[in-house]
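Structural overview
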Amino acid sequence: IYSSKTTLIQSPKITKRSLLPLPFIFINFFEKLISLTGISATPFLTKNEDGKSDEPLIDIRGEDSGLLIGQKGRSLSALQYIVNVILNSSVDEKTRVLLDVEQYIGRRTISLKNLANQVSKRVIQTKKSVTLEPMTSRDRRIVHLTLESNNNVLTESTGEGFSRKITVYPANEK
């Protein structure tokens with residue numbers, strides 16, 4: 001992270017010849033970043049359990065770690081974006097690091113899948129579309145993927161920026 005006058009954290013210079021594996025360099029970088037926030041938390045390198053990617057997952061745990069989540073995960077998404085931009089600015093091979101706080105992403109995913117299924121049932125019963133609250137791109141993706149195999153409903157994202165939301169329609173309406 002850079003200020004206009006001084007460098008707070010230097011982006012690690014990472015090459016294929018780095019002595020430490022990339023995920024451990026990320027942990028070291030993230031420990032420095034957390035220490036600057038004053039939040040009492042520790043990053044742990046864990047396995048990404050979604051089974052769909054081999055991206056390193058850093059789970060942040062500690063008594064203050066919830067402060068990193070923000071409203072509906074927006075702070076966590078922003079932090080993940082910033083960390084990936086900084087880290088990828090100095091690597092030979094681009095990679096993506098996933099961040100989680102106390103397994104928040106897993107809990108949020110379950111909650112969003114349940115919401116998507118409940119809304120689809122309501123849309124099928126009432127034959128009226130339902131527009132959900134604004135969501136992050138990650139959250140919208142979960143809802144779209146959850147309902148893509150449901151032939152009775154269609155989903156569509158509308159809006160821009162932080163106001164982007166999903167509308168679930170009866171399949172015969174669109």
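Residues numbered from 1 in each chain as written. Predicted model: local features only at pLDDT ≥ 70, side-chain atom pairs only at ≥ 80, totals over all residues. Heavy atoms only, no water.

1. Brief notes about the overall build of the protein
- Within the protein, the regular secondary structure consists of four helices and six strands.
- Its helices and strands taken in sequence order, the protein reads α-β-β-α-β-α-β-α-β-β from the N to the C terminus.
- Looking at the protein as a whole, 37% of its 174 residues qualify as buried.
- Put simply, the protein shows about 10900 Å² of open surface, and 51% of that area lies on carbon and sulfur atoms. (Helix = DSSP H or I, 4+ residues; strand = E, 2+ residues; numbered from the N terminus. Buried < 20%, exposed > 50% of the residue type's maximum accessible area, 1.4 Å probe, protein only. Areas by Shrake-Rupley, 256 points an atom, 1.4 Å probe, with all protein chains shown as cover.)

2. Here's the deal with helix α3 (residues 104-126)
- Taking 1.5 Å of rise per residue, the 23 residues of α3 would be expected to cover 33 Å, and the 32 Å separating its terminal C-alpha atoms lies within 8% of that figure.
- Taken as a whole, α3 has its buried residues at Tyr 104, Arg 108, Thr 109, Leu 112, Ala 116, Val 119, Ser 120 and Val 123.
- Among the structural elements, α2 (74-88), β3 (98-101), β4 (130-131), α4 (137-147), β5 (153-158) and β6 (165-170) are those in contact with the buried residues of α3.
- Positive backbone phi, approximately 60°, marks Lys 127, located one or two places after α3. (Expected span 1.5 Å × (residues − 1). Contact = heavy atoms within 4.5 Å.)

3. Overview of the sheet that holds β5
- Pairing in this open sheet of three strands is antiparallel, and the strands run β4-β6-β5 from one edge to the other. Where the open sheet ends on each side, the last strands, each with one partner, are β4 and β5.
- Here six bridges tie β5 to β6, and the two strands are oriented antiparallel to one another. Across the sheet, Thr 155 pairs through a bridge with Val 168, a residue of β6.
- Contacts from α3 reach β4, β5 and β6, with the element oriented near 40° to β6.
- Each of β5 and β6 touches α4; the most contacted strand, β5, lies at about 160° to it. (Pairing = 2+ DSSP bridges. Axes fitted to C-alpha atoms, helices over the stretch in contact; angles between N-to-C directions.)

4. Considerations on the environment of Ala 171
- Note that Ala 171 resides in the segment after β6.
- The class for Ala 171 is partly exposed, based on a relative accessible area of 25%.
- Those residues in contact with Ala 171 that lie beyond four places of it in its chain are Asn 151, Asn 152, Val 153 and Leu 154.

5. Quick notes on the sheet that holds strand β2 (residues 57-61)
- Ordered by their spatial adjacency, three strands build an open sheet running β1-β2-β3, and the pairing between neighbours is mixed. Of all strands in the sheet, those bounded by a partner on one side alone are β1 (42-46) and β3. On average, adjacent strands in this sheet sit at an angle of 30° to one another, irrespective of strand direction.
- By the bridge criterion, five bridges tie β1 to β2 in an arrangement that is antiparallel. Bridging across to β2, Thr 46 finds its partner in Leu 57.

6. Observations regarding the confidence of the model for the protein
- Looking at the protein as a whole, the pLDDT averages 81, with 81% of positions reaching at least 70.
- Across residues 1-20, where pLDDT falls below 50, the model places 35 contacts with residues more than four positions away in sequence or in other chains. (pLDDT = per-residue confidence, 0-100.)

7. Some remarks on the side chain of Thr 136
- One can find Thr 136 in the loop between β4 and α4.
- Setting aside residues up to four positions removed in sequence, Thr 136 forms contacts with Lys 72, Arg 74 and Ser 77.

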